[in-house]
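Each chain, written out:
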Amino acid sequence: MKLNFLYLVLLFFAFACEKDSNKVQLAIDNHCMPQETGPIIPYYKGPGFGFEIVQLDSFRYTMPYSNPNNKNEFVYFVYDYKLNNSGIYTYNILTKQKSLVLETDLRAKKRYPQSDIRWSRKGWLIFADFDNNIYKVKPNGDSLTQLTFSRNNFVPEWNLMGTMFCVQHYSNTLKIHFTIIFDEHGKNIDTINYEGKQVIGNQPHWQHEKYILGSNDNGIVLYDYINDKVTEIRTGNLSMGFMRWINNDEFIYNGTNGIYTYNVSNNQIKQIRKMVNSNGYAYINLLDNKQIICQRNKTINLDSLREILGVKSSICIINPCDTIVTDLDLR
């Protein structure tokens, strides 16, 4: 159910209608905006919650995240539908070496990540499991350490130097979400609750000298942890998913019909890729050579009358100025 829900989220970004906002201006870099070609998946017309999703491959590859010390490496998660097991792996693009970090047990929901896996500059991977507790582990599989024990902790994220991490915590008593800051060993050092409401409503990104990046109902949220200051940028109805800093002023994200960058200093958006809705991207990482590593979800229409879609996921490399997409062989 959780995997199909993620596909529905990705399809939302792919099928969302473009809407204007008077809060931002769209500045397009016309000399480098490749337009992908391919079939168009029609909008869902039937009753219920949307398309029926059929997996076209026994393996699902998801959640790539680059090593901040070596962008040629990334961590990812793979799920095997046939054997009903899974694991966290790392992969080196140059050497083509795949390494197992941690086997997970879906049936026992043991050490199975329910959120992004993040890689710190101090060489630790962090994730939340199905019990909503936080773990860290070395990329070679050593030193698996449980960091929280209270449950209800979601979407962990390291800070820029890997000395702290934040989580979104849900209080069963107060019935609200708020952000908790821990040191790298799991000691609670601070709680963020902005004007009685949740500061960040999705997976945050803290790989910035100053700001934790996230979003809420109004748009973009920049939280300055040192000065305890929140800056909200109202973006109207723009769709923004999987936001990640690429420098001190810009973050990359996937939005309506493409991949974009957003400059928080001048509110300028640049579309760097157009795409068709049968080819969606998520978990975007911009490399030093401007290539992109991300999850690709390729969709085909299996039955237009019954509205059944077939989906195959992979981790791919996208070149900056052409329509070539290279799926990595991770079997």
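### Side note on the overall build of the chain
Along the chain, the regular secondary structure elements total one helix and 25 strands. Within the chain, the fraction of its 331 residues that count as buried is 54%.

### A short note on the nonpolar core
Counting 18 residues, the largest nonpolar core has Val75, Phe77, Ile88, Val101, Ile117, Leu125 and Phe127 as the members making the most contacts within it. Listing elements by their share of this core, those giving two or more residues are β3 (59-67), β4 (70-80), β6 (98-104), β8 (125-128), β9 (134-137) and β22 (279-286). The contact partners of Leu125, leaving out residues within four places of it in the chain, are Val75, Val101, Ile117, Arg118, Trp119, Tyr135, Lys136, Val137, Pro139 and Trp158. Among the nonpolar cores identified, the runner-up in size contains 14 residues, and Leu213, Phe251, Tyr253 and Tyr260 belong to it.

### Focus on the sheet that holds strand β11 (residues 153-158)
Taken in spatial order, the four strands make up an open sheet running β11-β12-β13-β14, and their pairing is antiparallel. Either end of the sheet is taken by a strand with one partner, and the two such strands are β11 and β14 (188-192). Within the sheet, the average angular offset between the axes of one strand and its neighbour, ignoring direction, is 25°. Relative to strand β13 (residues 176-183), strand β12 (residues 164-171) is paired through eight bridges, and the arrangement is antiparallel.

### Notes on the sheet that holds β6
Spatial ordering of the open sheet is given by β3-β4-β5-β6, a layout of four strands whose pairing is antiparallel. Looking along the sheet, the strands with just one partner apiece sit at the ends: β3 and β6. The mean angle between the axes of side-by-side strands here comes to 20°, regardless of whether they run parallel or antiparallel. The sheet contact formed by strand β5 (residues 85-92) and β6 spans six bridges and is antiparallel. Bridge pairing in β6 places Thr90 opposite Ser99.

### Structural notes on the layout of surface pockets
Taking a probe equal in size to a water molecule and rolling it over the atoms shows the remaining empty space. For the second largest pocket, the calculated volume is near 800 Å³. Around the second largest pocket, the lining comprises 34 residues; the ones closest to its centre are Lys71, Trp245, Ile246, Asn247 and Leu286. At the level of secondary structure, the elements contributing two or more residues to the lining of the second largest pocket comprise β3, β18 (241-245), β21 (268-274) and β22. Across the lining of the second largest pocket, the residue classes break down as 14 nonpolar, 10 polar and 10 charged.

### Some details on the packing of aromatic side chains
The final tally for this structure, using the stated rule, is 17 aromatic pairs. Each ring, one from Phe74 and one from Tyr76, has its centre 5.7 Å from the other, and the planes form 50°; the classification is tilted. Residue Phe74 is classed as buried on the basis of its relative accessible area, which comes to 1%. Ring centres 5.4 Å apart and planes at 10° place the aromatic pair Phe251 and Tyr262 in the stacked group. Highlighted residues: Phe251 in strand β19 (residues 250-255) and Tyr262 in strand β20 (residues 258-263), separated in sequence by 11 residues. Taken together, the ring pairs connect Phe59, Tyr61, Phe74, Tyr76, Tyr89 and Tyr91 into an aromatic cluster. The ring of Tyr89 is capped by Lys98, whose NZ or CZ atom sits 5.4 Å from the centre of that ring. Just above the ring of Trp124 sits the side chain of Lys136; from NZ or CZ to the centre is 4.2 Å.

### So, the state of the cysteines
Applying the stated criterion to the full structure yields zero disulfides. Cys316 forms no disulfide, and the closest cysteine sulfur to it belongs to Cys294, at a distance of 3.8 Å.

### A word on the confidence of the model for the chain
Residues at a pLDDT of 70 or more form 88% of the chain, whose mean pLDDT is 86. Segment residues 1-28: pLDDT under 50, and 74 contacts once partners within four positions in sequence are set aside and those in other chains are kept.

Cut-offs applied
Residues numbered from 1 in each chain as written. Predicted model: local features only at pLDDT ≥ 70, side-chain atom pairs only at ≥ 80, totals over all residues. Heavy atoms only, no water. Helix = DSSP H or I, 4+ residues; strand = E, 2+ residues; numbered from the N terminus. Buried < 20%, exposed > 50% of the residue type's maximum accessible area, 1.4 Å probe, protein only. Core = buried A, V, L, I, M, F, W, Y, C linked by side-chain atoms within 4.5 Å. Contact = heavy atoms within 4.5 Å. Pairing = 2+ DSSP bridges. Axes fitted to C-alpha atoms, helices over the stretch in contact; angles between N-to-C directions. 1 Å grid on protein atoms, 1.4 Å probe; cavity = no way out; pocket = protein on both sides within 12 Å on 5 of 7 lines; lining within 4 Å. Points joined across faces, edges and corners; volume = space filled by probe spheres on them. Nonpolar A, V, L, I, M, F, W, Y, C, P; charged D, E, K, R; others polar. Phe/Tyr/Trp six-rings, centres within 6.5 Å; stacked < 30°, edge-to-face > 60°. Lys NZ or Arg CZ within 6 Å of the ring centre and 35° of its normal. Disulfide = S-S within 2.5 Å. pLDDT = per-residue confidence, 0-100.

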